[in-house]
Amino acid sequence: MKIDLNSKRALVTGATGGIGEAIAKALLEAGAEVVISGTKVEKLEKLEAELGSEGKVIPIPSNLGSPEDIQNLISQTTEIDGGIDILINNAGITRDGLLLRMHEDDWQNVMEINLKAVMMLTKGMLRNMLKKRWGRIINITSIVGSTGNPGQSNYAAAKAGLVGFSKSLAQEVANRGITVNCLAPGFIETEMTNKLSDERKKILVNNIPMQKMGRPEDISFPVLFLASEQASYITGQSLHVNGGLAMI
Amino acid sequence: MDEIASRVRAIVVDHLGVDEEAVVDSASFIQDLGADSLDTVELVMAFEEEFEVEIKDEDAEGINTFEDAVNFIKKAQSE
């Protein structure tokens with residue numbers, strides 16, 4: 001049994017990050033057309049060239065902190081005939097700091113991009129999925145949304161918020177052939193985790209039963225599965241991919 | 001029967017899978033025709049497309065019966 005996403009179109013936000021790039025690649029290999037969105041135009045163009053297979057990759061630069069950019073991304077993708085079938089809300093930022101030192105902006109920016117933008121984009125894409133009686137919405141959350149993490153009260157709150165959002169929406173649209181799920185990565189080798197000090201990484205890895213960090217590909221295949229026809233009976237769930245770091 | 005009403009009726013019949021005779025003027029989508037709340041949103045989307053009108057969320061809330069829908073569309077088209 002093969003995962004076949006021919007004739008489906010996906011949107012991956014935060015596509016220039018390590019995990020986003022791997023997800024875009026996996027969807028493309030399964031036959032989907034993929035709209036890649038990211039803030040950095042050069043990186044987006046580079047990724048398009050790297051992936052570039054017969055016009056099946058459509059780059060749309062957008063900053064999800066800007067309501068205008070979100071609206072633009074929605075109108076540009078819904079204008080394409082057939083719209084978006086698979087929405088991967090992967091974009092996310094961190095503004096780490098102990099709560100006592102956290103500025104309101106650090107909270108606000110994380111909520112805007114990691115939570116509010118997901119609501120706006122999902123709402124924008126839902127119309128088309130309802131019409132087709134088929135859709136996949138996959139929100140990339142995080143292990144810290146379940147476990148918490150010192151210094152990440154804002155990020156963990158936004159990620160936990162996404163879980164409640166996904167479960168509610170999953171119930172609203174379940175009988176319309178649309179599934180809504182979360183994929184919660186543990187510690188994956190990406191730019192986001194590269195910011196951690198070597199010492200901190202060593203401590204983290206020691207706590208992982210598998211004694212290693214995950215690779216972006218460890219996330220992209222489970223995402224591809226959730227996007228597939230074969231996963232049509234799975235909705236409102238969180239799939240944790242973390243090398244055993246938390247067993248939830 | 002006028003043309004708008006018959007187009008609205010066709011959408012309702014198609015979307016909710018009910019008999020044409022059940023779609024009387026006073027028929028409430030939810031109470032009489034078995035729609036759930038998402039069905040009513042989808043009906044409004046279908047009306048918007050069929051008649052090329054924009055139905056704002058606050059207006060959509062006032063469209064509960066077949067008659068409401070026909071009247072709203074007639075009014076929107078005459079504006």
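Each remark here, short or long, concerns the structure printed above.
Here goes a summary of the coordinates provided.

How each quantity is defined
Residues numbered from 1 in each chain as written. Chains lettered and ligands numbered in written order. Predicted model: local features only at pLDDT ≥ 70, side-chain atom pairs only at ≥ 80, totals over all residues. Heavy atoms only, no water. Pairing = 2+ DSSP bridges. Helix = DSSP H or I, 4+ residues; strand = E, 2+ residues; numbered from the N terminus. Axes fitted to C-alpha atoms, helices over the stretch in contact; angles between N-to-C directions. Contact = heavy atoms within 4.5 Å. Expected span 1.5 Å × (residues − 1). Buried < 20%, exposed > 50% of the residue type's maximum accessible area, 1.4 Å probe, protein only. Arc of directions from axis to C-beta.

Structural notes on the sheet that holds strand E7 (residues 238–241) of chain A
Residues and elements named next belong to chain A.
Reasoning step 1: With respect to topology, seven strands assemble into an open sheet ordered E3-E2-E1-E4-E5-E6-E7, the strand pairing being parallel. If you trace the sheet from one side to the other, it starts and ends with strand E3 (57–61) and E7, each paired once. On average, each strand axis in the sheet is tilted by 15 degrees relative to the strand beside it, whichever way the strands run.
Reasoning step 2: Sheet strands touched by helix H2 (residues 41–51): strand E2 (33–38) and E3. Its angle to E3, the strand with the most contacts, is close to 175 degrees.
Reasoning step 3: With respect to the sheet, helix H9 (residues 216–227) is in contact with strand E4 (86–89), strand E5 (135–140), strand E6 (178–185) and E7, its orientation differing from that of E6 by roughly 165 degrees.

Some remarks on helix H4 (residues 66–78) of chain B
Residue and element names in this part refer to chain B.
Reasoning step 1: Here H4 contains 13 residues, and its C-alpha end-to-end distance of 19 Å stays within 8% of the 18 Å for a straight helix at 1.5 Å per residue.
Reasoning step 2: Among the residues of H4, Phe66, Ala69, Val70, Phe72 and Ile73 are the ones counted as buried. Seen from one end, H4 has its buried residues packed into an arc of 165 degrees, which puts them on one side. Across from the buried face of H4, at angles greater than 90 degrees, the exposed residues are Lys75 and Ser78.
Reasoning step 3: In the core, the buried residues of H4 are packed alongside helix H1 (3–16), helix H2 (37–51) and helix H3 (57–60).

Shape is all these values report; function is a separate question.
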